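Below, each chain spelled out in residue letters.
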Amino acid sequence: MTVSVSRQVPAAATANTPPLHVERLSRVYPSGDGQVQALAPFTHTFPPGMTAVVGPSGSGKSTLLNLLAGFDTPSSGHVSVGDVNLTTLSESARADFRLAHYGFVFQNHNLVSILSAQENVEFPLTLAGLPPRERRERARELLSLVGLSGRAGHLPSQLSGGEAQRVAIARALARDPGILLADEPTGNLDTRTGEKVLALLSGAAGAGRRVVLITHDREVAARADHHLRVRDGVVTVED
């Protein structure tokens, strides 16, 4: 059964959905006696909705995602979220900014193994200093949203791959971020389970967030509202 959640995913608050823009963004890495251009200078404003980033392995997709998140520093250009130039922030300031404005979904979900599903969803709220009661209520609401109310007390090792990925999405939505970055979130899932995960991400995008999705799957990419293609570090806008 396909899960439709486009009406269930809470709309991101206006204050939490600033524009995501990159200006002449590039990344060059040293290699032997020379350099490798992992990302050629690229200027783009990511619109609300889901943007699929496609391209072969090693093309520069992950480099772009890491730069958008502020996990890596560009060789030139910058990433801005609203009026904030992410590139000029200190590491600690970038971490605080990510916590407030970004959510992340990875291929291997990256849940904390010793925490239950509910505790994993609560984790970013704990970092943000929310009182325990508010954390619990928010986590329960999100686990219900992703259809896992009955698995709240289970550890990641007790969840299926699809369940763990849905917990990861609930955690990514915990602080109602305006930007979701997803790196091959359906890559390790069967078609049916991947459809459920994609429906959740589509619902988040439909609520006004900017969802940037790295994928090699053409069928997954076809579900996106906007498309970027990366090849040999060069990004082109396909629509």
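Residues numbered from 1 in each chain as written. Predicted model: local features only at pLDDT ≥ 70, side-chain atom pairs only at ≥ 80, totals over all residues. Heavy atoms only, no water.

## Re the side chain of Thr215
Position of Thr215 relative to the elements: it lies in the loop between strand 8 (210-214) and helix 7 (218-222). Once residues within four sequence positions are removed from consideration, Thr215 is found in contact with Ala52, Val53, Val54, Gly55, Lys61, Glu184, Val220 and Ala221. (Helix = DSSP H or I, 4+ residues; strand = E, 2+ residues; numbered from the N terminus. Contact = heavy atoms within 4.5 Å.)

## Quick notes on the sheet that holds strand 10 (residues 234-237)
Pairing is mixed across the open sheet formed by six strands, whose spatial order is 6-7-8-3-9-10. Since the sheet does not close on itself, it has two edges, and those belong to strand 6 (102-106) and strand 10, each with one partner. Here the strands of the sheet are splayed against their neighbours by 20 degrees on average, with no regard to which way each runs. Inspection of the sheet shows strand 3 (residues 49-54) paired to strand 9 (residues 226-231) by four bridges, in the parallel sense. Bridging from a neighbouring strand, Val53 pairs with Leu228 of strand 9. Strands in contact with helix 2 (residues 91-101) are strand 6 and strand 7 (179-183); relative to strand 6, the strand with the most contacts, it is inclined by about 85 degrees. With respect to the sheet, helix 5 (residues 161-172) is in contact with strand 6 and strand 7, its orientation differing from that of strand 6 by roughly 170 degrees. (Pairing = 2+ DSSP bridges. Axes fitted to C-alpha atoms, helices over the stretch in contact; angles between N-to-C directions.)

## Details of unusual backbone geometry
Unlike most non-glycine residues, His109 shows phi in positive territory, near 60 degrees. In this structure His109 comes out as partly exposed when scored by relative accessible area, which is 22%. Positive phi values are uncommon outside glycine, yet Asp176 reaches one of about 55 degrees. Within the element layout of this structure, Asp176 appears in the loop between helix 5 and strand 7. We classify Asp176 as buried; its relative accessible area is 16%. (Buried < 20%, exposed > 50% of the residue type's maximum accessible area, 1.4 Å probe, protein only.)

## What to know about the packing of aromatic side chains
All told, the structure shown has three aromatic pairs when counted by the stated rule. Centroid distance Phe71 to Phe104: 5.2 Å. Interplanar angle 35 degrees. Geometry classified as tilted. Of this pair, Phe71 sits in the loop between helix 1 (61-69) and strand 4 (76-81) while Phe104 sits in strand 6, placing them 33 residues apart in sequence. Looking at Phe71, the relative accessible area reads 43%, which means it is partly exposed. For Phe104, a relative accessible area of 17% gives the class buried. Taking 5.8 Å as the distance between ring centres and 5 degrees as the angle between the ring planes, the aromatic pair formed by Tyr102 and Phe104 counts as stacked. Tyr102 sits in the buried class, given a relative accessible area of 5%. Among the aromatic residues, those joined into a cluster by ring pairs are Phe71, Tyr102, Phe104 and Phe106. (Phe/Tyr/Trp six-rings, centres within 6.5 Å; stacked < 30°, edge-to-face > 60°.)

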